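For reference, the chains in residue letters:
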Amino acid sequence: MRKSDGFFLFIATGILLLAAIFIQARFVTRGDLPLLRQKAVVVKNLRLTDLCLFTEARHTRNPSQADWHTPFQSHPLALDHFPSGSLIGPPGTLKKPRHAIN
């Protein structure tokens, strides 16, 4: 067996496994729809807030409810010591340019 044949076999096996994962996900999703609808009703009735994205820092748990200064609690030039802080961008309100004071 040549190296290229082994590589082709590896790629073909990977594609078959990927297809199997998608087919399995399709069947599982159909079975889980009633449970997801039930959970949606519970969330609506209890008026739960947004999803918690990360658990390590309060400014990354829910970016829509974070304070502007929480990543820099030590001082304004402090680096964020939580890894999730590098995955979430600053709030949209900080991206807007401020108007010049006349």
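Residues numbered from 1 in each chain as written. Predicted model: local features only at pLDDT ≥ 70, side-chain atom pairs only at ≥ 80, totals over all residues. Heavy atoms only, no water.

(A) Up close: the overall build of the chain. Secondary structure assignment for the chain yields three helices and zero strands. Secondary structure elements in the chain, listed N-terminal to C-terminal, are α-α-α. Across the 102 residues that make up the chain, the buried fraction comes to 9%. Relative to all contacts within the chain whose residues are 6 or more apart in sequence, the contacts with residues 24 or more apart total 42%. Within the structure as shown, the chain displays about 9500 Å² of accessible surface, and the carbon and sulfur contribution to it stands at 66%. (Helix = DSSP H or I, 4+ residues; strand = E, 2+ residues; numbered from the N terminus. Buried < 20%, exposed > 50% of the residue type's maximum accessible area, 1.4 Å probe, protein only. Contact = heavy atoms within 4.5 Å. Areas by Shrake-Rupley, 256 points an atom, 1.4 Å probe, with all protein chains shown as cover.)

(B) Here's a closer look at the pattern of salt bridges. If you walk through the whole model with that rule in mind, you get one salt bridge. Between D5 and R2 there is a salt bridge, and its shortest N-O distance comes to 3.6 Å. For D5, a relative accessible area of 35% corresponds to the partly exposed category. (Salt bridge = Lys/Arg side-chain N within 4 Å of Asp/Glu carboxyl O.)

(C) Quick peek at a nonpolar patch on the surface. A grouping of F7, F10, I11 and I15 is seen on the molecular surface, where their side chains present a nonpolar patch of about 450 Å² in accessible area. Position of I15 relative to the elements: it lies in helix 1 (residues 3–46). (Patch = residues over 30% accessible without salt bridge, like charges linked within 9 Å, V, L, I, M, F, W, Y side chains within 5 Å.)

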